[in-house]
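Coordinates in review
Listed here are the chains, written in short residue letters.
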Amino acid sequence: LAHSFNGAFSSHARSPHGRWTAPTSAMHTPVVAGAFAASLSPPPRISPLSRKGLPVLAASNERDSKSSGEDAGSVDGNDSIDVNADPRLRRIRLSRALGIDWGTDLSFSFVYVRDLEPSGAASLSGQVEVGDQICELRPVVKDGEAINLIGAPFDEVMGAFASLGRNVYDVELVFFRGTKEELKAACAGGSLSEEDEKIMITVVQNKGAKDEAVRQIEAKTGCNVRQVLTDNGINVYQSVTRWTNCKGKQLCGTCIVNIADGGGSTNRKSLDEASTLRENPESYRLSCVTFAYGDITVETFPPIKAAQW
């Protein structure tokens, strides 16, 4: 179930920057609104891409010819994305009151247009569509600098809008019309091999015991930790829950692992997961709702308190 933050970044009259709708997942996620948004820690940067020196979406030393608006030439084009490099790129000048609902997947990066307010500048322009990926933001002012947002986490994108000065009334945005995977392929030079999509999961079994074992498993970016481990014959359940567990439906709370390294390359904990694990270290996760976007080290059978049961 998706949930929305309707506070500081609402697309309604309270703010011009847009509203965030969190990624949809299989787990139950309660609705969170208002000031509570400020209490959440910012998500880690989870992107395998470097946003500097991209082969295809490279910087252009000259203003591209696709900008809309009569005064578009008032902004210098140095270090901006060359939209002529790919026909799926488009540069659009819009009023700061965009009327865009922004969305991300479980990586909390690669922000895209989830929905459009019918009366917002983006919708009225006819040039922005649901699903477009945000790539660049530039304030339309003298010496306004382009901010590259390809693969940026949600907080970074919203922070870029929030940092705009009061004298900024219009912005230039570069959108990519396509999926996250297509954008990553464009950044990689037009192709994205399976190897580029792989991560390494190091699994430590029975840590500290005589039969301690370490395995390394290659997996696809965005994989579910429980699924990868169980598919490779690694048990994540302690005691009798090996046979009585909920099979990954986040109902039993017994598939606990410790993300000993690389926790920043996983998705955030939901409120439900955080509540279930509240008496355990922050690095403890329910493997059934943990998704890996970079190399991680997982310890199975970490010590847990009796209250967990």
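Residues numbered from 1 in each chain as written. Predicted model: local features only at pLDDT ≥ 70, side-chain atom pairs only at ≥ 80, totals over all residues. Heavy atoms only, no water.

With respect to the overall build of the chain
Defined as follows: Only runs of H or I of at least four residues qualify as helices and only runs of E of at least two qualify as strands under DSSP, and these elements are numbered from the N terminus. Partly exposed residues are those whose accessible area sits between 20% and 50% of the maximum for their type, while under 20% is buried and over 50% is exposed, using a 1.4 Å probe and protein chains only. Residue contacts are counted whenever heavy atoms from the two residues lie within 4.5 Å of one another. To be clear on the numbers: accessible area is Shrake-Rupley with a 1.4 Å probe, and residue cover counts the displayed protein chains and nothing else.
Along its length, the chain carries six helices and 17 strands. A burial count over the chain gives 50% of its 309 residues as buried. For the chain, restricting intrachain contacts to residue pairs at least 6 apart in sequence, the fraction spanning at least 24 positions comes to 64%. Accessible area of the chain: about 14,800 Å², with a carbon and sulfur share of 49%.

Section: the packing of aromatic side chains
Note the following rule: For Phe, Tyr and Trp, rings pair up if their centres lie within 6.5 Å, where Trp contributes its six-membered ring, and each pair is then called stacked (planes under 30 degrees apart), edge-to-face (over 60) or tilted (otherwise). Criterion for a charge above a ring: Arg CZ or Lys NZ at most 6 Å from the ring centre, at most 35 degrees from the ring normal.
One pass over the full model with this rule turns up two aromatic pairs. Each ring, one from Trp102 and one from Phe175, has its centre 6.5 Å from the other, and the planes form 15 degrees; the classification is stacked. Linking Trp102 in strand E6 (residues 100-103) with Phe175 in strand E10 (residues 170-176), this pair joins segments that are 73 residues apart in sequence. Of the residues examined, Trp102 reaches a relative accessible area of 0% and is grouped as buried. Pairwise contacts between aromatic rings join Trp102, Phe161 and Phe175 into one cluster. The ring of Phe108 carries the charged tip of Arg268 above its face, separated from the ring centre by 5.1 Å.

Quick word on the side chain of Arg93
The criterion, for reference: Contacts described as polar in this section are N or O atom pairs within 3.5 Å, which, within protein, must combine one atom able to donate a hydrogen with one able to accept it, while residues neighboring in sequence count only if both atoms come from side chains.
Mapped onto the secondary structure, Arg93 falls in strand E5 (residues 89-95). By relative accessible area, Arg93 is classed as buried at 17%. One polar contact links Arg93 to Asp170, side chain to side chain, over a distance of 3.2 Å.

Description of the environment of Leu164
By the element assignment, Leu164 lies in the loop between helix H2 (154-162) and E10. Remark: the alpha-carbon pair of Leu164 and Arg138, spanning 26 residues in sequence, is separated by 9.3 Å. Filtering out sequence-adjacent residues up to four positions away, Leu164 remains in contact with Arg96, Leu137, Pro139 and Val171.

Focus on unusual backbone geometry
Of note, the phi angle at Phe110 is positive, near 55 degrees, even though the residue is not glycine. Position of Phe110 among the secondary structure elements: in the loop between E6 and strand E7 (112-116). For Asn206, which is not glycine, the phi dihedral falls at a positive 55 degrees. For Asn206, the location among the structural elements is in the loop between strand E11 (198-205) and strand E12 (213-220).

Considering the nonpolar core
Selection rule: Side-chain atoms within 4.5 Å are what join buried Ala, Val, Leu, Ile, Met, Phe, Trp, Tyr and Cys residues into a set we call a nonpolar core.
Within the largest apolar cluster, 26 residues are counted, with the highest numbers of intra-cluster contacts made by Trp102, Phe161, Leu173 and Phe175. Where this core is concerned, the elements lending two or more residues are E5, E6, E7, helix H1 (121-125), strand E8 (133-139), H2 and E10. Per-element accounting of this core gives the leading share, five residues, to H2. Not counting chain neighbours up to four residues away, the residues in contact with Leu173 comprise Arg90, Arg91, Ile92, Leu94, Leu98, Ile134, Glu136, Leu137 and Phe161. Counting 24 residues, the second-largest nonpolar core is a separate cluster that includes Ala219, Val228, Val289 and Val298.

Considering the pattern of salt bridges
We apply this condition: Salt bridges are defined as contacts in which a side-chain nitrogen from Lys or Arg sits within 4 Å of a carboxyl oxygen from Asp or Glu.
Per the stated rule, a full pass over the model turns up 10 salt bridges. With its nearest N and O atoms 3.3 Å apart, the salt bridge here joins Glu129 to Arg177. Taken together, the residues span a long stretch of sequence, with Glu129 in the loop between H1 and E8 and Arg177 in the loop between E10 and helix H3 (180-187) at a distance of 48 residues. Judged by its relative accessible area of 41%, Glu129 falls in the partly exposed class. Residue class for Arg177 comes out partly exposed when judged on its relative accessible area of 24%.

Topic: H2
Which entries qualify depends on this criterion: To be clear, the arc concerns the directions from the helix axis to the C-beta atoms.
Within the sequence span of H2, burial applies to Phe154, Val157, Met158, Ala160 and Phe161. Projection of H2 onto a plane perpendicular to its axis shows the buried side chains occupying an angular sector of 150 degrees, all on one side.

Section: the environment of Ser125
Its place among the elements puts Ser125 in helix H1. Overall, Ser125 belongs to the partly exposed group, its relative accessible area being 25%. Distance from Ser125 to Arg93, taken between C-alpha atoms, is 9.2 Å for residues 32 residues apart in sequence. A polar contact of 3.1 Å, which involves the side chain of Ser125, links it to the backbone nitrogen of Gln127.

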